[in-house]
Amino acid sequence: MNNSKGQDFFKDVLDVARLTPKGRVTSYGAIAKYLGAPKSSRMVGWAMNKAHQFPDVPAHRVVNRIGLLTGKMHFSPPELMEGRLKGEGITVVNDKIVEFKRYFWDPTDELEL
DNA sequence: TATATGACCATAT
DNA sequence: TATATGGCCATAT
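Just so you know, these numbers come straight off a predicted model, no measurement behind them. (Residues numbered from 1 in each chain as written. Chains lettered and ligands numbered in written order. Predicted model: local features only at pLDDT ≥ 70, side-chain atom pairs only at ≥ 80, totals over all residues. Heavy atoms only, no water.)

> Outline the overall build of chain A, listing residues and values.
The number of helices and strands found in chain A is six helices and four strands. Listing the helices and strands of chain A from first to last along the sequence gives α-β-α-α-β-α-β-β-α-α. With the principal axes as the frame, chain A shows a C-alpha extent of 40 × 30 × 20 Å. Per-residue burial over chain A gives 37% buried out of 113 residues. Pairs at least 24 residues apart make up 65% of the contacts formed inside chain A by residues separated by at least 6 positions. Per element, the accessible surface of chain A, about 7100 Å² overall, is 50% carbon and sulfur. (Helix = DSSP H or I, 4+ residues; strand = E, 2+ residues; numbered from the N terminus. Buried < 20%, exposed > 50% of the residue type's maximum accessible area, 1.4 Å probe, protein only. Contact = heavy atoms within 4.5 Å. Areas by Shrake-Rupley, 256 points an atom, 1.4 Å probe, with all protein chains shown as cover.)

> Describe the protein's contact with DNA strand B, naming the residues involved and giving the relevant values.
Neighbouring DNA strand B are 17 residues, the closest being Y28, R42, M43, M48 and R65. Y28 has a polar side-chain atom sitting 2.9 Å from a base nitrogen of DNA strand B. Of all elements in the fold, only α2 (28-35) and α3 (41-51) reach the threshold of two or more residues within the surface near DNA strand B. A total of six residues in the surface near DNA strand B trace back to one element, the largest contributor, which is α3. Taken together, the residues of the surface near DNA strand B break down into five nonpolar, ten polar and two charged. (Near = heavy atom within 4 Å. Polar contact = N/O pair within 3.5 Å; in protein donor to acceptor, adjacent residues only side chain to side chain. Nonpolar A, V, L, I, M, F, W, Y, C, P; charged D, E, K, R; others polar.)

> Explain the packing of aromatic side chains to me, and be specific about the residues and the numbers.
Per the counting criterion, the structure on display carries three aromatic pairs. Taking 5.3 Å as the distance between ring centres and 50° as the angle between the ring planes, the aromatic pair formed by F100 and F104 counts as tilted. Residue class for F104 comes out partly exposed when judged on its relative accessible area of 29%. Aromatic ring contacts, followed pair by pair, group F10, W46 and F54 into a single cluster. (Phe/Tyr/Trp six-rings, centres within 6.5 Å; stacked < 30°, edge-to-face > 60°.)

> Give a detailed account of the protein's contact with DNA strand C, specifying residues and quantitative values.
In the neighbourhood of DNA strand C, the contacting residues comprise K39, S40, R42, M43, W46 and K50. Of all DNA strand C atoms lying within 4 Å of any protein atom, the proportion belonging to sugar or phosphate reaches 62%. Contact distances for DNA strand C include 3.0 Å between a base nitrogen and a side-chain N or O atom of R42. Along the lines of polarity and charge, the residues of the surface near DNA strand C split into two nonpolar, one polar and three charged.

> Describe the pattern of salt bridges, naming the residues involved and giving the relevant values.
As enumerated under the stated definition, the model contains four salt bridges in all. With a shortest N-O distance of 3.5 Å, K86 and E82 are connected by a salt bridge. You can see K86 and its partner E82 sitting in helix α4 (residues 79-87), four residues apart, about one turn around the helix. Looking at E82, the relative accessible area reads 15%, which means it is buried. (Salt bridge = Lys/Arg side-chain N within 4 Å of Asp/Glu carboxyl O.)

Encoded structure:
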């Protein structure tokens, strides 16, 4: 279980999550794609689960590709996720981000490389 | 060691 | 357009 990788991917995910600008949101697949593993979007979600240990990682800005707050149930209070998003100027209705494409922030497109 | 599950995404029918 | 299935990698049991 101690492979040379794994932690790097994990760390990279958290790094991109921290780079997510305030008032913007990104998706698991976008991060995974930026890391070079578009099929490993699940691992991003797994990393986010562990990211709860890192207060500087805005996991609430990471949602699925349709802007649905699938992971809100993993927050201390599930309402905290959409609550933070609303606090950043993002409208959330029915656990879903309104005009998601408008707030969507793609590291591959913004950071490019 | 093997099986099942997961904060997903894309393709196929 | 909606539903079903495959894939991908790591964790947990």
